[in-house]
Every structure is written in C-alpha cells, then in structure tokens.
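Residues per chain are reported as follows:
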Amino acid sequence: MPKLTLTKAGETLWSHDYGKDYITIGRHSFADVPLDSTMVSRHHAVIRFSAQEGGYIVEDAGSSNGVQLNGEDVQKSVLKDGDRIQIGGYLIIFEQGAAAEAADEGSVRRRAKSGIDEGHRTFEIPRREENK
C-alpha cells in the first residue's frame, strides 16, 4: 500500500495511505489526488501497481505539461521509496508500500481477470435435490 505526501511551495498539504493499486492524479474533482492548477490536466497521471513491470509505476496519462520524476521528464517509470513526482506546482513524495515490497522479494499476487483473488470462494450455489 503506497503512501503519498503532497506538498506545494515547501508546505506539506496532506499525507495519505492508499489501499488500492491504481491512483489517479489530475485536476478533475474525481481524481484520487486532485490538484488545483491550470498547469495540471484533468487526467494528468496515474500511479499503478504492476508485478510484471517491477512494482509501482508512475505514468503520464497524456497530459499537456508532463510529469517529472526526481527532476527528469518521464512518460512511464518504476517508482522507488522516496521518489519525488513533480506535476504542475505540486510535489508528490512516494513511499513504497507492502505490495511493492512483496514484488521486490519475488512474490507475485495472483488475481483472476475479474479482479477477484484466486483461491477465495465468493459464493456457493446450492445443489438441487432430486425427487425420488
């Protein structure tokens, strides 16, 4: 579970643990990380977990002004603990969570295409009794 800390002009605005593997960033009010600036696109970027790609990824979602990671322009990059994501006048500090640490150790979470964890029963259909 990643933790993000949002700062602007050197002032910490908030810090939040996210219990999900897909975090949206943008000017849109429905974004998980809403940023109020004309330099930020409505759907600016995402942070997502991908075991195949090595952990949490920051990815530009086709923004007008781009994404910087530790001072470098990026389209997509694997995140490490303490990375600094610059979007508009905002700085987002990424702290790695348990899911990414598990990927670093080589374990992979198994999920069905439906998004339901494999191996966990969600419901049971009762069998019909035949009349004798």
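Below is a summary of the structure that appears in this document. (Residues numbered from 1 in each chain as written. Predicted model: local features only at pLDDT ≥ 70, side-chain atom pairs only at ≥ 80, totals over all residues. Heavy atoms only, no water.)

Moving on, we come to the environment of Arg42. Within the secondary structure, Arg42 is located in the loop between β4 (33-34) and β5 (45-50). Residue Arg42 is classed as exposed on the basis of its relative accessible area of 52%. It is 9.3 Å that separates the C-alpha atoms of Arg42 and Phe30, two residues lying 12 residues apart in sequence. When near neighbours in sequence (up to four residues on either side) are disregarded, Arg42 contacts Ile25, Gly26, Arg27 and His28. (Helix = DSSP H or I, 4+ residues; strand = E, 2+ residues; numbered from the N terminus. Buried < 20%, exposed > 50% of the residue type's maximum accessible area, 1.4 Å probe, protein only. Contact = heavy atoms within 4.5 Å.)

What follows deals with the nonpolar core. Membership of the largest hydrophobic core comes to 22 residues, with the highest contact counts inside it found for Ile47, Ile85 and Ile87. For this core, the secondary-structure elements that each account for two or more residues are β1 (3-8), β3 (22-26), β5, β6 (55-60), β7 (67-69), β10 (84-87) and β11 (90-95). Filtering out sequence-adjacent residues up to four positions away, Ile47 remains in contact with Leu4, Asp21, Tyr22, Ile23, Ile25, Tyr56, Ile57, Val58, Leu79, Ile85 and Phe94. (Core = buried A, V, L, I, M, F, W, Y, C linked by side-chain atoms within 4.5 Å.)

The sheet built from five strands is open, its strands ordered β4-β3-β5-β6-β9 with mixed pairing. What marks the edges here is a single partner per strand, and that holds for β4 and β9 (76-78). Sheet analysis places β3 next to β4, joined by two bridges and oriented parallel. Across the sheet, residue Gly26 finds its bridge partner in β4, namely Pro34. (Pairing = 2+ DSSP bridges.)

Tracing the sequence through the fold places Ser50 in strand β5. Look at Ser50 and you get buried, because its relative accessible area is 6%. A polar atom in the side chain of Ser50 sits 3.2 Å from the side chain of Glu53. When neighbours within four sequence positions are excluded, Ser50 is seen to be in contact with Gly55 and Ile57. (Polar contact = N/O pair within 3.5 Å; in protein donor to acceptor, adjacent residues only side chain to side chain.)

Summarising the sheet, β1 and β11 pair through six bridges and their orientation is antiparallel. When the bridges of β11 are listed, Lys8 appears paired with Tyr90. What sits between β10 and β11 in their antiparallel hairpin is a turn of two residues, with Gly88 showing a positive phi close to 60°.

In this structure the tally under the stated criterion is four salt bridges. Notably, a salt bridge pairs Glu59 with Arg48, separated by 2.9 Å at the nearest N-O pair. Note that Glu59 is positioned in strand β6 and Arg48 in strand β5, a separation of 11 residues in sequence. Within this structure, Arg48, Glu53, Glu59 and Lys76 form a network of salt bridges that share partners. (Salt bridge = Lys/Arg side-chain N within 4 Å of Asp/Glu carboxyl O.)

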